Amino acid sequence: MLKRNKLQVSASFIIGSPDETREEILKTLAFIKKSRLDLCDVNVLMPLPGTPLWDYAVKRGLASNDMDWELLDIDFVKNYKNYIILSEKLNRGELKELYDLFMREREKRARLLKLKYLYQRPKEVWRYFVKKYLAN
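These notes cover the structure that comes with them. (Residues numbered from 1 in each chain as written. Predicted model: local features only at pLDDT ≥ 70, side-chain atom pairs only at ≥ 80, totals over all residues. Heavy atoms only, no water.)

**Quick notes on the pairing of strand β2 (residues 39-44)**
Next, step 1: Residues C40, V42 and V44 of β2 are buried on one face, while the alternating residues L39, D41 and N43, pointing to the opposite face, are not.
Next, step 2: Assessed by its sense of winding, the connection that carries the chain from strand β1 (residues 10-15) through helix α1 (residues 22-34) to β2 is right-handed. (Buried < 20%, exposed > 50% of the residue type's maximum accessible area, 1.4 Å probe, protein only. Helix = DSSP H or I, 4+ residues; strand = E, 2+ residues; numbered from the N terminus. Right-handed = clockwise from strand over helix to strand, strands pointing away.)

Right, dumping it as structure tokens:
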């Protein structure tokens, strides 16, 4: 219905739950690839203080209330080496490999959305180009 009404559709996904398998994550990626989403985003599950996931991470010895809070940076790419990995099925490297597959799909969709924008709004694109590059 959103697409029929020419609205942009996007969604966010979270991977890396404790019992999620590689196959389940790849099924999520396959779902995204088959979908008509314009954009998608993915994050790796991160426990935050005050949540049941935090309690789970503390119980497993992955986090503590007196830990270095810098380790809680939720940017997986930037904080890859210190990210708290909750998965019991995948190691850090495997999760990074899967995350990168999602990012490639995201970039592909972002490029297609830009092309769609160029095609649907040529006058706006031309005005932007003239203002930015030809003015002066």
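So, next bit.
**A closer look at the packing of helix α3 (residues 92-120) against helix α4 (residues 122-134)**
Next, step 1: Closest axis-to-axis distance for the α3/α4 pair is 5 Å, and the angle between their directions is 100°. Between α3 and α4, the crossing angle belongs to the class labelled roughly perpendicular. Of the residues in α4, those in contact with Y117, L118, Y119 and Q120 of α3 are P122, E124 and V125.
Next, step 2: In terms of residue class, the contact of α3 with α4 is built from five nonpolar, one polar and one charged. (Axes fitted to C-alpha atoms, helices over the stretch in contact; angles between N-to-C directions. Parallel < 35°, antiparallel > 145°, perpendicular 65-115°, else oblique. Contact = heavy atoms within 4.5 Å. Nonpolar A, V, L, I, M, F, W, Y, C, P; charged D, E, K, R; others polar.)

**Quick notes on the packing of α1 against α3**
Next, step 1: Axis separation between α1 and α3 bottoms out at 11 Å; the angle between their running directions is 0°. The pairing of α1 with α3 is recorded here as roughly parallel in orientation. Contact residues: α1 offers R22, I25, L26, T28, L29, I32 and K33, while α3 offers L95, E97, L98, L101, F102, E105 and R109.

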